[in-house]
Amino acid sequence: MAALTPTASAAPHDSTPKDGSRTVRARRPRRRVWRGVVLGLAGVYFVVPLLASFVFTVHTPGQGVSFDAYTGILSADGFTQSLFLSLGLAAATIALVLLLTVPALIAVRLGAPRLRSVVEVVCMLPLVVPPIALVSGITTVLRWGPDHLSTTPLYQTFIAVQNESFPLMLVFAYTVLALPFVYRSLDAGLSAINVTTLVEAARNCGARVPYTVLRVILPNLRSALASASFLTLALVLGEYTIAALLGFRPFAVWIVSISGSEAQTSVAVSLLSLLITWLLLLVLSRVGARTGGGAGAATAGSAAGAPSASSTPSASSAAKE
Amino acid sequence: MSTQTLPAPGAADGTRRRRRAPRAWLGTLPLLVFAGLCFGLPVGALLYGAVTHKEPGRATSLTGENITTTLHGAYLNSLTGSVELSALTALVGTVLGMLIAQAVVTSRGGALRESVLTASGVLANFGGIPLAFAFVATLGISGVVTQLVHLDTLGWNLYSFTGLSVIYLYFLVPLMVLISVPALDGLRPQWREAAQNAGATDGQFWRHVGLPVLAPTLLGGFVLLFGSAFAAYATAAALVGGSVPLVTLKIADALSGNVQVGQENVALALSLDMIVIAGLVMAVYLPLQRRSTRWLH
């Protein structure tokens, strides 16, 4: 998907002026009406739920307007605990997924091209397994613990990964879910730089392999790493299925648990999470714009927004749901 | 890229590469081991459970019974319910997303284009639990719009097939916009001019040039939307509970022990059904994506 995005920045420049050529002009008024109607209806459909949600959180029929739903979030029971659990899980997942994929992808490009398709298949396979199916598999495996392994030392491992305060099992599951998106993002980043040449140049200058990777390759991958981390962060913060079914209580599960008693707070938190996603996306497109540089500087913002955007939704659909 | 550049330095480089190769191979090892343990093991357990029968006190035996069970009665209903909902929302989402993308691409304002793309990126992300609650606040029983327009007297019910479709479209349409904008950009204006010079009408242009070129993108987008809707669980779980038959809800029920004992393996068989359907979806999607990439560059 990321491979498609370069056109997004290049095309408007050569398409827009030509659209204004004489042959097209005759039809423009009708087309403008059509376009206005489509965009107008879409705008209504996408804005009304957001506005209505906001009204819902600040206005109670018969009681007037109050911002208690927002001011009360911080003190809401379990909010900080679940949020910090989610953030901690996200940090651990990002670290783990990058530690696994970055060396593998660099290795594949440098010295083991034959493993390339193996790594690709391994990274893309989780797309075929919906989270709910993955969690049913995980539950089955975890049941082996008490059923068959209670006399072996492995049992302790099973207990440890299900620790309530920091469930490593979730980190592992989220890493699996994040693999396809991280792979795509990093693969696109690595394709954009010529790894072999860079490494050979660095080694001719006397640099060792670890130094080359840390100081030559990784800085060139900054925007790919940023977008991979962002995707993973968004995925972990929003993930509900696996956490809920394994019985843990990170952020998304917490929102559901308060929705019954504090409907306004749950909607307020939902809106805030949208706002945070939006801010993260903006930050990411800034990072991309700075590293993008070069000829397309003017459109770098939109171009950087597009790749992240085009891969993010798949992250949400595969994982959040 | 590496396969093309590596042989170039010539034979002198050969010995160095041969020495480096075994160590490079080690770089992929952690990933492969991890995937085997945390992905292969659960999926293997799932497959094994789906085709075996287990009763306390008796030996585990191989059986096709679980799979057969999932293709009958309420389980089959949930499967077809999921497929229907996903197909419908994916179809509507593909058409609407394409129309919006076309409106954005043909408009001249760069600001409009950029804001629509950013908004799509955010909204396509706005899935799961938060989305469900935003819609409860909007169109639920005591939702703002429901109260304002008195939708409930018109027979509106968010907690239904239609309601769920309306919600799903909220993230499917932006997803389709993101997919189709680059493809529509790839439709060269020269093609349209050439068609017009040859005397073609707008309809003829779309029928003979535009749609055939866009077909892989459209189909690939449809399939991706289908997969997203099909795998969705959180929104439906937060919203409808059991009122709409969906396979994900059935699996969750079975996993949390809401069915009779001995049916856990049916949940695994249902999961296997899902994997098969999702696998078919991906088998269609990946080649299409590759093809559309080739066409439009």
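Only a predicted model underlies this, so the values are computations on that prediction, with no experimental measurement involved. Going along each chain's sequence as written, the residues are numbered from 1 onward. Labels follow written order: the first chain is A, the first ligand is 1, and so on. It should be noted that, the model being predicted, local features are given only for residues of pLDDT at least 70 and side-chain atom pairs only at 80 or more, the latter also being counted only at that level, while totals for whole chains, interfaces and linings use all residues. Computation of side-chain values covers all heavy atoms of the structure but excludes hydrogens and water.

Draft legend 1. Layout of the UniProt feature "domain: ABC transmembrane type-1" (unreviewed entry) in chain A. UniProt positions are given in the numbering used here, feature names are shortened, and annotations may be inferred rather than shown by experiment. Here the UniProt feature "domain: ABC transmembrane type-1" (unreviewed entry) sits at residues 83–284 of chain A. Strands are runs of DSSP state E lasting at least two residues, helices are runs of H or I lasting at least four, and both sets are numbered from the N terminus onward. Between the end C-alpha atoms of residues 83–284 of chain A there is a gap of 22 Å, over a span that is 81% helix and 0% strand.

Draft legend 2. Up close: the confidence of the model for chain B. Residues and elements named next belong to chain B. Counting all residues, the mean pLDDT for chain B is 80, and 85% of those residues have values of 70 or more. When the criterion is pLDDT under 50, residues 1–21 qualifies, and its contacts beyond four places in sequence or with other chains add up to 19 contacts. Both confidence scores are given for the complex: pTM 0.80, ipTM 0.81. Residue-level confidence of the predictor is summarised by pLDDT, bounded by 0 at the bottom and 100 at the top. Residue contacts are defined here by distance: any two heavy atoms, one from each residue, within 4.5 Å place the two residues in contact.

Draft legend 3. Molecular detail of the UniProt feature "transmembrane region" (unreviewed entry) in chain B. The sites that UniProt annotates as "transmembrane region" (unreviewed entry) are residues 24–48, 85–105, 117–141, 161–184, 213–246 and 266–288 of chain B. In residues 85–105 of chain B, helix accounts for 100% and strand for 0%; the two terminal C-alpha atoms are 29 Å from one another.

Draft legend 4. A look at the interface of chain B and chain A. In this assembly, 100 residues from chain B lie in contact with 103 residues from chain A. In short, buried area is how much 1.4 Å probe accessible area vanishes from two parts on joining, totalled over both. Taken together, both faces of the contact between chain B and chain A bury some 9,000 Å²; the carbon and sulfur share is 72%. On the chain B side of the contact with chain A, Leu31, Phe39 and Asn125 of chain B bury the most area, a combined 8% of that side's loss. Broken down by element, the residue count for the side of chain B that touches chain A peaks at 13 residues, all from helix α14 (residues 264–295) of chain B. Ten residues, namely Ala, Val, Leu, Ile, Met, Phe, Trp, Tyr, Cys and Pro, are considered nonpolar, four, namely Asp, Glu, Lys and Arg, are considered charged, and the remaining ones, Gly among them, are considered polar. Looking at the side of chain B that touches chain A, its residues break down into 62 nonpolar, 25 polar and 13 charged.

Draft legend 5. Geometry of the UniProt feature "transmembrane region" (unreviewed entry) in chain A. Residues and elements named next belong to chain A. As recorded in UniProt, the feature "transmembrane region" (unreviewed entry) lies at residues 33–56, 83–106, 118–145, 165–183, 224–246 and 266–284. Within residues 83–106, the helical portion is 100% and the strand portion 0%, while the C-alpha atoms at the span's ends are 34 Å from each other. The span residues 165–183 is 84% helix and 0% strand, and its two end C-alpha atoms sit 29 Å from each other.

Draft legend 6. Seen up close, the confidence of the model for chain A. All names here are of chain A. Residues of chain A with pLDDT of at least 70 account for 79%, and the chain-wide mean is 77. Summarising per-element confidence for chain A, the mean pLDDT is lowest in helix α16 (residues 300–320) (37) and highest in helix α5 (residues 79–110) (91). Low pLDDT (under 50) marks residues 1–25, which in the prediction has 44 contacts with non-local residues, meaning those over four places away or in another chain. A low-confidence stretch, residues 292–321 (pLDDT under 50), is modelled with 65 contacts involving residues beyond four sequence positions or located in other chains.

Draft legend 7. Molecular detail of the pattern of salt bridges. A pairing counts as a salt bridge when a side-chain nitrogen of Lys or Arg comes within 4 Å of a carboxyl oxygen of Asp or Glu. By the definition in use, this model includes 4 salt bridges over all chains. Note that Arg116 of chain A and Asp187 of chain A form a salt bridge whose closest N and O atoms lie 3.8 Å from each other. With Arg116 of chain A in helix α6 (residues 116–124) and Asp187 of chain A in helix α9 (residues 168–192), the pair connects residues that are 71 residues apart, well separated along the chain. We classify Arg116 of chain A as partly exposed; its relative accessible area is 26%. Accessibility expressed as a relative area gives 17% for Asp187 of chain A, which makes it buried. Between Asp202 of chain B and Arg192 of chain B there is a salt bridge; the shortest N-O distance is 3.1 Å. For the exposure calls, accessible area comes from a 1.4 Å probe over protein chains only, and a residue counts as buried if that area is under 20% of its type's maximum, exposed if over 50%, partly exposed in between.

Draft legend 8. Inspection of the nonpolar core at higher detail. The definition of a nonpolar core used throughout is a set of buried Ala, Val, Leu, Ile, Met, Phe, Trp, Tyr and Cys residues joined through side-chain atoms within 4.5 Å. If you look at the biggest cluster of nonpolar residues, it comprises 169 residues, and the most contacted ones within it are Leu98, Ile242 and Leu246 of chain A together with Tyr168 of chain B. The element best represented in this core is helix α9 (residues 161–186) of chain B, accounting for 16 residues. Counting contributing residues, this core receives three or more from each of domain 1 (11–50) and domain 2 (65–296) of chain B. If sequence neighbours within four positions are ignored, Leu98 of chain A has contacts with Pro103, Val182, Leu186, Leu225, Ala228 and Ser229 of chain A. Here the bounds of each domain stem from an automatic or database domain assignment.

Draft legend 9. Geometry of helix α10 (residues 189–197) of chain B. Residues and elements named next belong to chain B. Every buried residue of α10 is accounted for by Pro189, Arg192, Ala195 and Gln196. When α10 is viewed along its axis, its buried side chains cluster within an angular range of 125 degrees and face the same direction. Gly199, located one to two residues past α10, shows a positive phi value of around 90 degrees. The reported arc concerns the directions from the helix axis to the C-beta atoms and nothing else.

Draft legend 10. Inspection of the packing of aromatic side chains at higher detail. Note on ring pairs: Phe, Tyr and Trp rings are taken, using the six-membered ring of Trp, and paired if centres are within 6.5 Å. Classes follow the plane angle, with under 30 degrees stacked, over 60 edge-to-face and the rest tilted. Enumeration according to the criterion identifies 13 aromatic pairs over all chains in this entry. Aromatic side chains Phe135 of chain B and Tyr170 of chain B sit 5.3 Å apart centroid to centroid with 80 degrees between the ring planes, which places their arrangement in the edge-to-face category. With Phe135 of chain B in helix α7 (residues 128–139) and Tyr170 of chain B in helix α9, the pair connects residues that are 35 residues apart, well separated along the chain. Summarising the burial analysis for this pair, Phe135 of chain B and Tyr170 of chain B share the class buried. The rings of Tyr45 and Phe46 of chain A together with Phe135 and Tyr170 of chain B are connected pair by pair, giving a single aromatic cluster.

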